[in-house]
Every structure is written in C-alpha cells, then in structure tokens.
Amino acid sequence: MNLNELHRIATKLVADHRGILAADESTSTIEKRFKSIGVENTEEHRRAYRDMLFSTPGAAKFISGVIMYDETIRQKHKDGTSFAEGQTRNDVIPGIKVDKGVKELPGSPQEKITEGLDGLRERLAEYHKLGARFAKWRAVIDIGPGIPTDYCIRANAQALARYAALCQVENIVPIVEPEVLMDGDHDLARCFEVTSRTLHVVFEELANHRVALEGMLLKPNMVISGKKCPKQASVEEVARETVKVLKRHVPAAVPGVVFLSGGQSDVVATEHLQAMNAMGPMPWKLSFSYGRALQEAALKAWAGKESNVAAGQKAFHHRSKCNSAACAATYSAQTEKAA
Ligand code: 13P
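Residues numbered from 1 in each chain as written. Predicted model: local features only at pLDDT ≥ 70, side-chain atom pairs only at ≥ 80, totals over all residues. Heavy atoms only, no water.

### Structural notes on the site of the ligand
Not every one of the 13 residues close to the ligand is listed here, only the nearest: Lys136, Lys219, Ser261, Gly262 and Arg292. Lys219 places a polar side-chain atom, nitrogen or oxygen, 2.6 Å from an oxygen atom of the ligand. For the ligand, an oxygen atom lies 2.7 Å from a polar atom in the side chain of Arg292. In isolation the ligand has 300 Å² of accessible area, and contact with the protein removes 92% of it. If you map the ligand onto the pockets, it falls in the largest pocket. (Near = heavy atom within 4 Å. Polar contact = N/O pair within 3.5 Å; in protein donor to acceptor, adjacent residues only side chain to side chain. Areas by Shrake-Rupley, 256 points an atom, 1.4 Å probe, with all protein chains shown as cover. 1 Å grid on protein atoms, 1.4 Å probe; cavity = no way out; pocket = protein on both sides within 12 Å on 5 of 7 lines; lining within 4 Å. Sits in = over half its atoms within 2 Å of the grid points.)

Structure (structure tokens):
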C-alpha cells in the first residue's frame, strides 16, 4: 500500500471545487433510465450515452472523477481511445464500481446485504491495470417498521470495511458508501437517527479493518425526510442536520465527503450542497458524487439521438457547473438560470 499516493488521489478528487460523476449504472439499472426516454438497452446505446457524457467539452473543470461499471471501463470512444485513457488525458480520474449488487439479508429478508468480496483482490488488480484509481461499494440501509436491524448495519459495515482494506492494498482509493434510503414516510429525525447509527458502526469497522482514513472518501446520504413523509424538511434543515451528523461521526482525517443524490431532484441536490458549504469551514471537503442528479437533464436532452449529443452535453455541463459552484458556496438561482 502506498498511502501517500492514496492520499494524493483522494484529496485530488475533492479539490478545486470539483466532484464525481457516478456513471456506474449496472446493465439492469441503465435499462430503467433508457426506458424513461424510449431507448433500447443495447451495448452500443450504453456506449454512445457514456461517450456523450465523457466527451463533454469543458466538463473536466467541474468533474474530477468518473465511476464506471465493469462493461464501461472496457469501452472506447469512437476514435478507439478507451474511456479510462480519455479521462486520464483530460485530468479526470477513472473509477470503478466493484460491488456485485444487493441480495436479501439471510435471517432478515426485508433487508439487504451487498455482495462481491470473493475474488475482489484480483478484480481490483485488473481494474488498476485498466486505469482505475478509485472504487465504489454501495451498502443499502432501508428504514421501516423495525428496520434497520443492528445486524444489517453491522454486516454491511463489515463488508464495506473489508472492501476498503482490499482497495488500499491494491492502491485504489475506496469510496465507502453506506446509503440510508429516502424511500418511506419517516421524518428527518428518524433519518438522522439511522444515519448516525450507521456512520458510527461504519467507522468502527473501518478502524477494526485498519483502513487508512487519509486514503478514502465517504459517500453518504444526506439527512433528509422520507419521500412519502407529509412534512418535508427545508433546505436549511437538511443542511444543518447533515452537517451535524457528519461532525459527530466522520474523523477529520477523511479528506472528503461526496454525497449521493439518492432520488432528490437535480436542483434540490445542488441547493442542499450549496447550503452545507455555506455553513463552512468544514473539517473535510464537501462535494458530490451524483448519478441521477447529474444525468437526468442530459439523458432527456439526448434521448438516444446522435443529433442531440450537443444538447445532452450542454445539459450535463450546466449541472456539473452548478454543483461545482455549490462546492465553492457560490451557487444561486442566477447560476441556475445562466445556462
Ligand atoms: P444517485 O446520485 O443517483 O443516488 O447515484 C449515486 C450512486 O452512485 C449510488 O450508488
């Protein structure tokens, strides 16, 4: 393990008001996204869509890294350059999703456990050869009557920590993603409580597994009202409670926190990030690693047509720019309008 190099990469991913594009949708998840625009889920359509996003002129000013899926990191631009090579040339760091998705948690079938530890060491070594310098593993914690159980939180935290430790051995920066879902009718206080329990156990297991905090990033949910909660918290409340829970649990040695968007609308996800950075200074950089909130407008504008590539790129450039401004705490309604 080269801790200096891990620290350099982790720090670079959150420096200069840049953030991460999560473009690591599995083949079945991208199917859902393509369905919404009436595009058939073929390998060439997936390649063309990612090609559009990754070759957006000027986006590297706002985007420090891209998380890809196994198929994607093996794909190429039309000129034959691999996506990872194109990114590296452009000062964007290639990343890779290495978990194998969620399965029913044995003994608590309403809950989920993330799989993918078997053979991970070897897969990481291969991804490093393909150009990846950071990775992602997502654990899912659902809120409902009687859940999450401590068992579910602990089992997922242990898997996250095993993954993170293996990444560091292979000189890949782990992004540790324990996502507390926003589905359900729970309120902000309940999301706070579950996020707090989850982060507590995650950092305990990271310490047990001797993960170097200087060489990792945390990708958490924000503390937010459940989607079906009748009383939706304001942007200020979400920002205040999210910063509060992070300050309680995330050691200052972690270089950055890169949020997931988790189903928030794109503009709201930017507003939340802006409100948090406006409360700074923080012990860590607060940035983004959004999937849907960076891609939604671009996906619609593209709609699967070659003739719409420029429009899709324009939408992606705008969202990236707005989120970068939120990292700098300079985002406003004017930034949003100045497309
Ligand atoms: P969303 O921002 O769409 O939640 O995706 C981020 C991600 O990578 C989830 O694992």
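The rest of the description comes next.
### Looking at the packing of helix α6 (residues 120–129) against helix α7 (residues 150–169)
Two elements in contact, α6 and α7, have axes separated by 10 Å at closest approach and are oriented at 45°. Relative to α7, α6 is oriented oblique. For the element pair α6 and α7, the recorded crossing hand is right-handed. Where α6 abuts α7, its residues Leu120, Arg121 and Leu124 lie against Tyr163, Leu166 and Cys167. Of the residues contributing to the contact of α6 with α7, the split by class is five nonpolar, no polar and one charged. (Axes fitted to C-alpha atoms, helices over the stretch in contact; angles between N-to-C directions. Helix = DSSP H or I, 4+ residues; strand = E, 2+ residues; numbered from the N terminus. Parallel < 35°, antiparallel > 145°, perpendicular 65-115°, else oblique. Left-handed = near helix turned anticlockwise from the far one by under 90°. Contact = heavy atoms within 4.5 Å. Nonpolar A, V, L, I, M, F, W, Y, C, P; charged D, E, K, R; others polar.)

### Concerning empty space enclosed by the protein
Inspection of the entire model under this criterion finds two cavities of 30 Å³ or more. Considering only enclosed or pocket space, the largest cavity measures out at about 120 Å³ in volume. Every residue lining the largest cavity is listed: Leu21, Leu53, Phe54, Thr56, Ala59, Ala60, Ile63, Val66, Gln87, Asn90, Val92 and Phe316. The class makeup of the residues in the lining of the largest cavity is nine nonpolar, three polar and no charged. Approximately 60 Å³ is the volume found for the second largest cavity. If you trace the second largest cavity, you find it lined by Glu179, Val180, Met182, Asn221, Met222, Ile224, Leu260, Ser261, Gly262 and Gln264. (Points joined across faces, edges and corners; volume = space filled by probe spheres on them.)

### What to know about the pairing of strand β7 (residues 173–180)
Within β7, eight of the eight residues are buried, which leaves the element mostly enclosed by the surrounding structure. Burial of the side chains of β7 extends over both faces: Val173, Ile175, Glu177 and Glu179 are buried on one face and Pro174, Val176, Pro178 and Val180 on the other. With eight bridges joining them, strand β6 (residues 134–141) and β7 adopt parallel strand pairing. Bridging across to β7, Phe134 finds its partner in Val173. Where β7 lies against strand β8 (residues 217–218), two bridges are found, and the strand directions are parallel. Bridging from a neighbouring strand, Ile175 pairs with Leu217 of β8. Between the parallel elements β7 and β8, the chain passes through helix α8 (residues 188–208) in a crossover that is right-handed. (Buried < 20%, exposed > 50% of the residue type's maximum accessible area, 1.4 Å probe, protein only. Pairing = 2+ DSSP bridges. Right-handed = clockwise from strand over helix to strand, strands pointing away.)

### As for the sheet that holds β6
Spatially, the eight strands close up into a barrel ordered β1-β2-β3-β6-β7-β8-β9-β10, and their pairing is parallel. Looking at chain direction, strand β1 (residues 19–23) and strand β2 (residues 63–68) are connected through five bridges and run parallel. From the neighbouring strand, Ile20 faces β2, where its bridge partner is Gly65.

### Description of the packing of helix α3 (residues 43–54) against helix α11 (residues 292–302)
The N-to-C vectors of α3 and α11 enclose an angle of 120°; their axes lie 11 Å apart at closest approach. Taken together, the axes of α3 and α11 are oblique relative to one another. Handedness of the α3/α11 crossing: right-handed. Each of His45, Ala48, Tyr49, Met52 and Leu53 in α3 lies in contact with α11, whose residues at this interface are Gln295, Ala298, Leu299 and Trp302.

### What to know about unusual backbone geometry
Cis geometry marks the peptide bond from Ile147 to Pro148, where omega comes out at 10°. Position of Pro148 among the secondary structure elements: in the loop between β6 and α7. With phi around 60°, Arg210 is a residue other than glycine that occupies positive phi space. Mapped onto the fold, Arg210 is located in the loop between α8 and β8. Under the relative-accessibility criterion, Arg210 is labelled exposed at 74%. Residue Ala303 is not a glycine yet carries a positive backbone phi of 55°.

### Considerations on the nonpolar core
In terms of nonpolar packing, the biggest core is built from 96 residues, with Tyr163 and Leu246 touching the most fellow members. No other element matches α7, which puts twelve residues into this core. Once residues within four sequence positions are removed from consideration, Leu246 is found in contact with Leu199, Leu218, Pro220, Val257, Phe259, Trp284 and Leu286. Leu6, Ile20, Ile67 and Phe134 belong to the second-largest nonpolar core, a separate cluster that totals 14 residues. (Core = buried A, V, L, I, M, F, W, Y, C linked by side-chain atoms within 4.5 Å.)

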